[in-house]
Amino acid sequence: MSGGPLVVLVGPMGVGKSTVGQLLAERLGAVFRDTDEDIVTGRGRSIAEIFVDEGEPVFRELEKEAVRTALGEHDGVLALGGGAVLDADTRALLAGHRVVYLSMDVEEAVRRTGLNVARPLLTVNPRKQWRELMEARRHLYEEVATAVVATDGRTPEEVTRAALEAVELKTVSPGGQPPDPRPEDAVVNDVTRIEIGGTAGSEPYEVLVGRQLLGELGSLIGAKAKRVAVIHPEALAETGDALRADLAGQGYEAIAIQVPNAEEAKTAEVAAYCWKALGQSGFTRTDVIVGVGGGASTDLAGFVAATWLRGVRWIAVPTTVLAMVDAAVGGKTGINTAEGKNLVGSFHPPAGVLCDLAALDSLPVNDYVSGLAEVIKAGFIADPSILDLIESDPQAARTPAGPHTAELIVRSIKVKAEVVSSDLKEAGLREILNYGHTLGHAIEKNERYKWRHGAAVSVGMHFAAELGRLAGRLDDATADRHRSILEAVGLPLHYRYDQWPKLVENMKVDKKSRGDLLRFIVLDGLARPTVLEGPDPAVLLAAYGEVGE
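Summarised in this report is the structure supplied together with it. Remember, predicted model here, so these are calculated numbers, not experimental data.

Okay, the overall build of the chain next. When you go through the chain residue by residue, the secondary structure sums to 23 helices and 16 strands. Counting only carbon and sulfur atoms, one obtains 51% of the accessible surface of the chain, whose full area is about 22200 Å².

As structure tokens, then:
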């Protein structure tokens, strides 16, 4: 067996290569890598956007180079894009490697890929196009594979076990037994409870971090509630329905309200749709809303709870890193308008937050890495130990199987908890949580919210570091550290230079602005955030000169 990855996963889109790859990596004590995510990170754009704007031939060249690079330098578990095997040179490079082909039939494929995510090659008739794709690719998957593992009707854990048996790899634990619990799980399996203090008339509440936390949901809802509405994104339709059924089994009149994925959910039209569902269900002030999903879903659920009958109780069940460490904690809820992000909203703290770390195990790598931007932000503004943990092994930090996952999330939540407990409504201290967000939100608006929030905030932090340096506030070493740590985990540092005039206009409507006076959070040093008001336009442009490309 030649050097390189322990195992390479190939197969069609939606078969579960990322999910199974992360589980395999965890079982083998290795690091997971996905060449599609390498491309997205390198270009700062989604696969769908590359297909539309640059064409499939350009993407295939990017894919070919990404595979060549990863095969040469990665020694863990590697997943390739669905079409990588189309290239003859790539197939030749795979010779001598353990290659597992994950297969599935057409009905399973349509169920997994049909409507939930952007699939550039399955845009019109999923069944017909799936069959055509497989006719062209199946023999190529089989050509490069040393083992074939069917995924139909199997859970990711079952597929992982089958893959391990097929390639005869041993897990990190002896005797073929499941590996010992990860060190961080030993800390949080008993549940870490972080209290958010009540201010301005709001009640204190707890953020729970651990695994298998849904048993706590009933006690948070309480006996006074008769009805529960589960607001969930389309991508979590099965989760939302299962949660509704479970609550119904506990005696609640439970409904599931499905909303669009990501930022498309944060509109007045979607909020109105939720209000209509609540009205038709007879929702009263003693009833409870449960928001399940990423940051956009919890933002929307909280806003709907804040506005229905002038405020009903709600519970956040965040399923992404971003939502756990930021969006679901602190009580800021809101929706977007054409003029900007979160310009319509309310401060309405939840009754509780359940951060079940098991939800991260199946999170796509790029979504996971995007959430790290908020974790890194917490490190720079308040807790440098976060930065030390990530820098000790940046590649491990990119995956929920990393040794410090739970500690990073708990530390980040504690940073936000301390801030919001003393300043619920952003009257002063809470502004520091917007580090990197002024430019980040401007980029999101400029990209019509197609960029991930964390990617935009990463560029925003790079800009804030350079602004702090040029303003004479921040030392060179700390400014440079921004670049190194963000780049090490795969977050972007740059944005288009020619967009600066548009970004300035976008920043003028940022919530931190006062009249025409731009205000930025910068650092006076590590963990020493402060406000920079009305910086010289020439200094702003010079700082963006380090960011633009």
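Time to look at helix α1 (residues 17–28). Between the first and last C-alpha of α1 there are 16 Å, a value that for twelve residues agrees with the 16 Å anticipated at 1.5 Å per step. In terms of burial, α1 is a largely internal element, eleven of the twelve residues being buried. Of the positions making up α1, those classed as buried are K17, S18, T19, V20, G21, Q22, L23, L24, A25, R27 and L28. Taken together, the buried residues of α1 touch β1 (7–10), β2 (32–34), β3 (77–79), β4 (99–103), α8 (156–167) and α15 (365–381).

Here the focus is the side chain of Q499. Structurally, Q499 is set in the loop between α21 (476–488) and α22 (500–507). Of note is the side chain of Q499, whose polar atom sits 3.0 Å from the side chain of N446.

The next point concerns the pairing of strand β12 (residues 332–337). Of the pairings in the sheet, the one linking β12 to strand β13 (residues 340–347) comprises five bridges and is antiparallel in character. The residue bridging I335 from the neighbouring strand is V344, located in β13. Remark: two residues form the turn of the hairpin made by β12 and β13, two consecutive strands paired antiparallel.

Phi angles above zero are rare outside glycine, and A262 is one such case at about 55°. The backbone of Y449 sits at a positive phi, close to 60°, despite the residue not being glycine. Mapped onto the elements, Y449 comes out in the loop between α19 (437–446) and α20 (453–470).

On to the nonpolar core, then. One finds V207, I289, L300 and I376 to be the most contacted residues of the largest nonpolar core, which totals 99 residues. If you tally residues by element for this core, the top one is α15, at ten residues. Beyond its immediate chain neighbours, meaning those up to four positions away, V207 contacts T192, R193, I194, I196, V329, V353, C355 and I413. Membership of the second largest hydrophobic core comes to 22 residues, among which are L439, L467, L503 and L540.

Time to look at the side chain of H482. Looking at the element boundaries, H482 is found in helix α21. A polar side-chain atom of H482 sits 2.8 Å from a polar atom in the side chain of Y435. Excluding residues within four positions of it along the chain, H482 makes contact with F380, Y435, M461, A465, L474 and L523.

Taken in spatial order, the seven strands make up an open sheet running β6-β7-β14-β11-β10-β8-β9, and their pairing is mixed. Edge positions in the open sheet fall to β6 (192–196) and β9 (253–259), since each of these has one partner strand only. If you compare each strand with its neighbour and ignore which way they point, the axes differ by 15° on average. Sheet topology places strand β8 (residues 227–233) next to β9; seven bridges connect them, and they run parallel. Opposite A229, over in β9, you have I255 as the bridge partner. On top of the sheet, helix α12 (residues 268–280) reaches β8, β9 and β10 (288–293); it is set at about 160° to β9, its chief contact. Across the sheet, helix α13 (residues 295–307) touches β8, β9, β10 and β11 (313–318), and the angle it forms with β10 is around 165°.

Bringing a nonpolar patch on the surface into the picture now. Residues L343, V344 and V509 make up a contiguous nonpolar surface patch of roughly 200 Å² in combined accessible area. By the element assignment, V344 lies in strand β13. Residue classification places V344 among the partly exposed residues on the basis of a relative accessible area of 34%.

In total, this model carries 36 salt bridges according to the counting rule given. Between D367 and R452 there is a salt bridge whose closest N-O contact spans 2.7 Å. Taken together, the positions of D367 in helix α15 and R452 in the loop between α19 and α20 put the pair 85 residues apart, joining distant regions of the chain. The class of D367 is partly exposed, set by a relative accessible area of 29%. Residue class for R452 comes out partly exposed when judged on its relative accessible area of 31%. For E466, the salt bridge identified is with R469, shortest N-O distance 3.2 Å. Note that E466 and R469 are positioned in helix α20 at a spacing of three residues, about one turn of the helix. Accessibility assignment for this pair places E466 and R469 in one class, buried. Overlapping salt bridges bring together E466, R469, D476, D480, R483 and E546 as one network.

Using the criterion set out here, one finds eight aromatic pairs in the structure. For the ring pair Y101 and Y141, a centre distance of 5.0 Å and an interplane angle of 25° mean the geometry is stacked. A residue pair is termed long-range when its members are at least 10 positions apart, and Y101 in strand β4 and Y141 in helix α7 (residues 126–144) qualify at 40 residues. Just as Y101 is buried, Y141 falls in that class too. An angle of 25° between the planes, with centres 6.1 Å apart, marks the rings of Y497 and Y544 as stacked.

Orientation of helix α2 (residues 35–43) relative to helix α4 (residues 56–73), taken along the N-to-C sense of each, is 115°, at an axis distance of 9 Å. Classified by the angle their axes make, α2 and α4 are roughly perpendicular. In the packing of α2 onto α4, the handedness of the crossing is right-handed. Counted together, T35, D36, D38, I39 and R43 of α2 and F59, L62, E63, A66, V67 and A70 of α4 form the full contact between these two elements. Across the contact of α2 with α4, the residue classes break down as six nonpolar, one polar and four charged.

Let's shift gears to α4. If you check α4, its first and last C-alpha atoms are 26 Å apart, about what 18 residues at 1.5 Å a residue would give, namely 26 Å. Of the positions making up α4, those classed as buried are F59, R60, E63, A66, V67, A70 and L71. Angularly, the buried residues of α4 cover 125° about the axis, an arc narrow enough to put them on a single face. Turned more than 90 degrees off the buried face of α4, the exposed positions are P57, E61, G72 and E73.

Conventions we followed
- Residues numbered from 1 in each chain as written.
- Predicted model: local features only at pLDDT ≥ 70, side-chain atom pairs only at ≥ 80, totals over all residues.
- Heavy atoms only, no water.
- Helix = DSSP H or I, 4+ residues; strand = E, 2+ residues; numbered from the N terminus.
- Areas by Shrake-Rupley, 256 points an atom, 1.4 Å probe, with all protein chains shown as cover.
- Expected span 1.5 Å × (residues − 1).
- Buried < 20%, exposed > 50% of the residue type's maximum accessible area, 1.4 Å probe, protein only.
- Contact = heavy atoms within 4.5 Å.
- Polar contact = N/O pair within 3.5 Å; in protein donor to acceptor, adjacent residues only side chain to side chain.
- Pairing = 2+ DSSP bridges.
- Core = buried A, V, L, I, M, F, W, Y, C linked by side-chain atoms within 4.5 Å.
- Axes fitted to C-alpha atoms, helices over the stretch in contact; angles between N-to-C directions.
- Patch = residues over 30% accessible without salt bridge, like charges linked within 9 Å, V, L, I, M, F, W, Y side chains within 5 Å.
- Salt bridge = Lys/Arg side-chain N within 4 Å of Asp/Glu carboxyl O.
- Phe/Tyr/Trp six-rings, centres within 6.5 Å; stacked < 30°, edge-to-face > 60°.
- Parallel < 35°, antiparallel > 145°, perpendicular 65-115°, else oblique.
- Left-handed = near helix turned anticlockwise from the far one by under 90°.
- Nonpolar A, V, L, I, M, F, W, Y, C, P; charged D, E, K, R; others polar.
- Arc of directions from axis to C-beta.

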